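Structural overview
The residues making up each chain are set out below.
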Amino acid sequence: MLDAKSHGGAVRIEIVNDPAAELREAVNVELRTFNREQNPAWYAARAATENDAQPLHIFAFSPGGQVCGGLFAETQFHWLKISILAVNSALRGHGIGTRLVQQAEATALARGCRYAYLDTMEYQAPIFYQRLGYQIAGTLPDWDSHGHAKFFLTKKLASMMLV
Ligand SMILES: CC(C)(COP(=O)(O)OP(=O)(O)OC[C@H]1O[C@@H](n2cnc3c(N)ncnc32)[C@H](O)[C@@H]1OP(=O)(O)O)[C@@H](O)C(=O)NCCC(=O)NCCS
C-alpha cells in the first residue's frame with residue numbers, strides 16, 4: 001500500500017495486458033476526483049439532465065426526397081461540435097454544405113451556444129470552413145501517419161448576432 005512517505009523509486013511501473021475493470025477504475029477514480037476538485041461547478045452543471053449534450057442531425061433532401069447531404073453535430077453548454085458533414089458528390093459546389101453549416105450554427109445559437117468546433121483533414125474541407133469564418137486553432141501534422149495533417153477549427157458564433 002502506498003503512503004505519503006513512499007519514494008517514487010520504490011514504485012513498480014508495469015504494462016498490464018487486458019487490465020480488469022477494478023484495476024482501471026483505481027486510476028480513473030484518481031482523475032475523476034482531481035477533476036471534480038478543480039472544477040466543481042462544471043461537474044455539478046453537467047450532472048443536470050438539462051445540460052446533456054443535445055444531438056443535432058440536419059439533412060439535405062433532393063426535390064425527389066432523397067438524402068443528398070447532411071450534418072451531424074451536438075450542442076452542449078456554449079459549444080456546437082460538428083462531427084460529420086458530407087454532400088453528395090454530384091451536388092457539391094452549389095451551396096448545400098454552406099446551408100447545412102449555417103443551419104447548424106443558427107440552431108446552436110438558439111440553443112445558447114457561443115462557439116463552434118470541428119476537426120477536418122487537410123484533404124477534406126479546411127478551406128471550406130475558413131471561408132465560413134472558422135479559424136484554425138491547432139494543427140497535427142502527419143495525423144494519419146501518411147503525411148496528412150488534421151486541423152482543429154473554431155468559430156465564435158455569438159459575434160454573428162452583432163451582424
Ligand atoms: C465539404 C463539403 C461538405 C462542402 O459542401 P458543398 O455543398 O460542396 O459546399 P458549398 O457549395 O456550400 O461550398 C461553398 C464554397 O466552398 C468551396 N468548397 C466546397 N468544398 C470545399 C473544399 N472541400 N475545399 C475547398 N473549397 C471548398 C465551394 O467551391 C464554394 O466556393 P464558391 O463559393 O467560390 O463557389 C463537400 O465538398 C463534401 O461533401 N466534401 C467531401 C466530404 C468532406 O470533406 N466533408 C467534410 C468533412 S470535415
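Residues numbered from 1 in each chain as written. Predicted model: local features only at pLDDT ≥ 70, side-chain atom pairs only at ≥ 80, totals over all residues. Heavy atoms only, no water.

As recorded in an unreviewed UniProt entry, the chain goes by Putative acetyltransferase and comes from Anatilimnocola aggregata.

1. Observations concerning the UniProt feature "domain: N-acetyltransferase" (unreviewed entry) in the chain
Short version of the rule: UniProt positions are given in the numbering used here, feature names are shortened, and annotations may be inferred rather than shown by experiment. Numbering of helices and strands starts at the N terminus; helices are DSSP runs of H or I of at least 4 residues and strands are runs of E of at least 2.
With numbering aligned to this structure, UniProt lists the feature "domain: N-acetyltransferase" (unreviewed entry) at residues 13–158. Structurally, residues 13–158 comprises 32% helix and 32% strand, and the distance from its first C-alpha atom to its last is 48 Å.

2. With respect to the layout of surface pockets
Convention followed: Whether a set of points on the 1 Å grid over the protein atoms alone is a cavity depends on a 1.4 Å probe fitting there but being unable to get out, while an open set qualifies as a pocket with protein on both sides within 12 Å along at least five of seven lines; lining residues are those with an atom within 4 Å of a point. Grid points are joined across faces, edges and corners, and a volume is the space filled by probe spheres set on the points. Gly is placed with the polar residues, together with every amino acid not listed as nonpolar (Ala, Val, Leu, Ile, Met, Phe, Trp, Tyr, Cys and Pro) or charged (Asp, Glu, Lys and Arg).
Approximately 490 Å³ is the volume attributed to the largest pocket. Lining the largest pocket are 21 residues, with Leu85, Ala86, Ala125, Phe128 and Tyr129 sitting closest to its centre. Where the lining of the largest pocket is concerned, the elements lending two or more residues are strand 3 (79–87), helix 3 (96–110), strand 4 (115–121) and helix 4 (126–131). No other element matches the six residues that strand 3 contributes to the lining of the largest pocket. Considering only residue class, the lining of the largest pocket consists of eleven nonpolar, eight polar and two charged. Put simply, the second largest pocket is a space of about 240 Å³. Here the residues of the lining of the second largest pocket sort into six nonpolar, no polar and three charged.

3. Quick word on the environment of Trp42
Quick reminder of the rule: Burial classes: relative accessible area under 20% of the type maximum marks a residue as buried, over 50% as exposed, and values in between as partly exposed (1.4 Å probe, protein chains only).
As for its placement among the helices and strands, Trp42 is situated in helix 2 (residues 40–47). Overall, Trp42 belongs to the partly exposed group, its relative accessible area being 30%.

4. Quick word on the site of the ligand
Basically, it comes down to this: Only a single heavy atom is needed: when it lies within 4 Å of a molecule or strand, its residue is near that molecule or strand. Polar contacts, as counted here, are pairs of nitrogen or oxygen atoms within 3.5 Å of one another; within protein the pair requires one atom able to donate a hydrogen and one able to accept it, and residues that are adjacent in sequence qualify only if both atoms are side-chain atoms. Areas reported here follow the Shrake-Rupley algorithm with a probe of radius 1.4 Å; residue values treat only the protein chains shown as occluding. Should more than half of a molecule's atoms lie within 2 Å of a pocket's or cavity's grid points, that molecule is taken to sit in it.
Around the ligand, the structure places 16 residues, and the nearest of them are Gly93, Gly95, Gly97, Thr98 and Arg131. In this structure, an oxygen atom belonging to the ligand sits 2.8 Å away from a main-chain N or O atom of Val87. For the ligand, an oxygen atom lies 2.7 Å from a polar atom in the backbone of Gly95. Against a free-state accessible area of 870 Å², the protein chains account for coverage of 69% of the ligand. The site holding the ligand turns out to be the largest pocket. Elements that contribute at least two residues to the shell around the ligand include exactly strand 3, helix 3 and helix 4.

5. Remarks on the packing of aromatic side chains
Rules: Put simply, two rings from Phe, Tyr or Trp (the six-membered ring, in Trp's case) pair if the centres are within 6.5 Å, and we call them stacked under 30 degrees between planes, edge-to-face over 60, tilted for the rest.
Counted according to the given criterion, the structure contains seven aromatic pairs. An aromatic cluster of at least three residues, connected via ring pairs, comprises Trp42, Tyr43 and Phe77.

6. A short note on the domain arrangement of the chain
It is common to give the size of an interface as the accessible area that goes away when the parts come together. As a reminder of what qualifies: What fixes the domain bounds is an automatic or database domain assignment.
In terms of domain boundaries, the chain breaks down into domain 1 (17–47) and domain 2 (53–162). One C-alpha centre belongs to domain 1, the other to domain 2; they are set 31 Å apart.

7. Some details on the packing of helix 1 (residues 21–38) against helix 2
The test is simple: Here an axis means a line fitted to C-alpha atoms, over the contact stretch when the element is a helix, while the angle between two N-to-C directions is reported on a 0 to 180 degree scale. Each angle gets one of four labels, with under 35 degrees taken as roughly parallel, over 145 as roughly antiparallel, 65 to 115 as roughly perpendicular, and the rest as oblique. Residues are treated as being in contact if the distance between any of their heavy atoms lies within 4.5 Å.
Orientation of helix 1 relative to helix 2, taken along the N-to-C sense of each, is 105 degrees, at an axis distance of 5 Å. The angle between helix 1 and helix 2 places the two elements in the roughly perpendicular class. Side by side, helix 1 and helix 2 meet where Asn35, Arg36, Glu37 and Gln38 of the first sit next to Pro40, Tyr43 and Arg46 of the second. For the contact of helix 1 with helix 2, the per-class residue count stands at two nonpolar, two polar and three charged.

8. Some points on the pattern of salt bridges
Heads up, the condition is: One side-chain nitrogen of Lys or Arg within 4 Å of one carboxyl oxygen of Asp or Glu is enough to make a salt bridge.
One pass over the full model with this rule turns up four salt bridges. Note that Lys155 is salt-bridged to Glu105, the shortest N-O span being 3.2 Å. Residue Lys155 is found in strand 6 (residues 150–156), and its partner Glu105 is found in helix 3; the two are separated by 50 residues along the sequence. Judged on exposure class, the residue Lys155 and its partner Glu105 are both buried. For Lys150, the salt bridge goes to Asp119, with nearest N and O atoms at 3.3 Å. One end of the pair, Lys150, is in strand 6; the other, Asp119, is in strand 4, and 31 residues separate them in sequence. Since its relative accessible area comes to 12%, Lys150 is described here as buried.

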